[in-house]
Amino acid sequence: MPRPRRLHVLGASGAGTTTLGRDLAAALQLGHFETDDFFWAPSDPPYHVKRAPEQRLSLLREALVDGDGWVLSGSLCGWGDPLMAEFDAVIFVTLPTPLRLERTRQRERARFGAQLDEGGAMHRRQLDFMAWSAGDDDPASSVGRSRLVHEAWLARLSCPVVRVDNAGTQADTLGEVLARLSALP
């Protein structure tokens, strides 16, 4: 049977879903899309203006028209539920919380630099974002994007779910995912 061609990669912020999705798309010669590009309207600074759920879904459906396949990274639990039946497989990426939060800090620093410093234009927002991100792994959290929400969403899928811990190297994680996708029935 051919390898799945419509893949969704999700996990907590900082778990490496975008990097894995990009690497997976390159390895499989597929297009790569990131849910944040559809969830958030362009703004300066970025990630401040949410699009309406129906607009996000419409834009995403237009982008995924390619019949050859694609890799979609990021969470779309709730607003993207109508796409659940279109996935050939879903890859759920996990990472121990301390490492995930450190990678998130590094990513945000690389993206926004001094704007994150105390007194910077994005300092308060960054503190709020990191607190929100830390809550992703809280087993009691059932609001927004969290491990509990992801697990409930994954349980509703009819396609195979590949679970991968991303604590190793990017190459090792990619290799593991490719091998596990190849072994799917």
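Every residue gets a number counted from 1 within its own chain, in the order that chain's sequence is written. Residue-level local features of this predicted model are given only where pLDDT is at least 70; pairs of side-chain atoms are given and counted only at 80 or more, and the full residue set underlies all totals for whole chains, interfaces and linings. Side-chain metrics rest on all non-hydrogen atoms present in the structure, leaving aside hydrogens and water.

A. Quick peek at the pairing of strand β6 (residues 89–94). Burial of β6 is extensive: six of the six residues sit out of reach of the surface. Each residue is placed in one exposure class: buried if its accessible area under a 1.4 Å probe, protein chains only, is under 20% of its type's maximum, exposed if it is over 50%, and partly exposed if it falls in between. Each helix corresponds to a stretch of at least 4 residues labelled H or I by DSSP, and each strand to a stretch of at least 2 residues labelled E; elements are numbered beginning at the N terminus. Going residue by residue along β6, you find Ala89, Ile91 and Val93 tucked away on one face and Val90, Phe92 and Thr94 tucked away on the opposite face as well. Think of it this way: DSSP has to see at least two bridges between two strands before they count as a pair. Summarising the sheet, strand β1 (residues 6–11) and β6 pair through five bridges and their orientation is parallel. Residue pairing across strands places His8 opposite Val90, the latter belonging to β6. As judged from the five bridges shared by β6 and strand β7 (residues 161–165), these two strands associate in the parallel manner. Note on β7: the bridge partner recorded for Ile91 is Val162.

B. Spotlight on the environment of Pro4. With respect to the secondary-structure elements, Pro4 resides in the segment before β1. Pro4 sits 39 residues away from Ser43 along the chain, and the two C-alpha atoms are 35 Å apart. Throughout, a contact is declared for two residues whenever any of their heavy atoms are within 4.5 Å. For Pro4, the residues in contact, after removing those within four places along its chain, are Asp88, Ala89, Leu181 and Leu184.

C. Here's a closer look at the sheet that holds strand β5 (residues 70–73). An order of β2-β5-β1-β6-β7 is seen for the five strands of this open sheet, with the pairing classed as parallel. Two strands close off the open sheet at either side, each with one partner strand: β2 (31–34) and β7. Strand after strand, the sheet turns through a mean of 20 degrees between neighbouring axes, direction not considered. Here the axes come from fitting lines to C-alpha atoms, over the contacting stretch only for helices, and the angles between their N-to-C directions go from 0 to 180 degrees.

D. Seen up close, the state of the cysteines. We call a pair of cysteine sulfur atoms a disulfide whenever their separation is within 2.5 Å. According to the stated counting rule, one finds zero disulfides in the structure shown. With no disulfide of its own, Cys77 lies 12 Å from the sulfur of Cys159, the closest cysteine sulfur. Taking the relative accessible area as the measure of exposure, Cys77 reaches 19% and is therefore buried.

E. Spatial organisation of the packing of helix α1 (residues 17–28) against helix α7 (residues 170–182). Where α1 contacts α7, the two axes come as close as 10 Å, and the packing angle between them is 60 degrees. Accordingly, the angle class assigned to the pair α1 and α7 is oblique. Viewed along their axes, α1 and α7 form a crossing whose handedness is right-handed. Across the interface between the two elements, Thr19, Leu20, Asp23, Leu24, Ala27 and Leu28 of α1 pack against Gln170, Thr173, Leu174, Val177, Leu178 and Leu181 of α7. Considered class by class, the residues forming the contact of α1 with α7 number eight nonpolar, three polar and one charged. Reported orientations rely on four angle classes, namely roughly parallel under 35 degrees, roughly antiparallel over 145, roughly perpendicular from 65 to 115, and oblique for the rest. Each helix crossing is assigned a hand: it is left-handed if the near helix lies turned anticlockwise from the far helix by less than a right angle, otherwise right-handed if that turn is clockwise. Any residue outside Ala, Val, Leu, Ile, Met, Phe, Trp, Tyr, Cys, Pro, Asp, Glu, Lys and Arg is labelled polar, Gly included; the first ten of those are nonpolar and the last four are charged.

F. A look at the pattern of salt bridges. Salt bridge criterion: a side-chain nitrogen from Lys or Arg within 4 Å of a carboxyl oxygen from Asp or Glu. The final tally for this structure, using the stated rule, is 12 salt bridges. Note that Asp88 and Arg6 form a salt bridge whose closest N and O atoms lie 2.8 Å from each other. Remark: Arg6 occurs in strand β1 and Asp88 occurs in the loop between β5 and β6; sequence separation between them is 82 residues. Note on Asp88: relative accessible area 25%, which makes it partly exposed.

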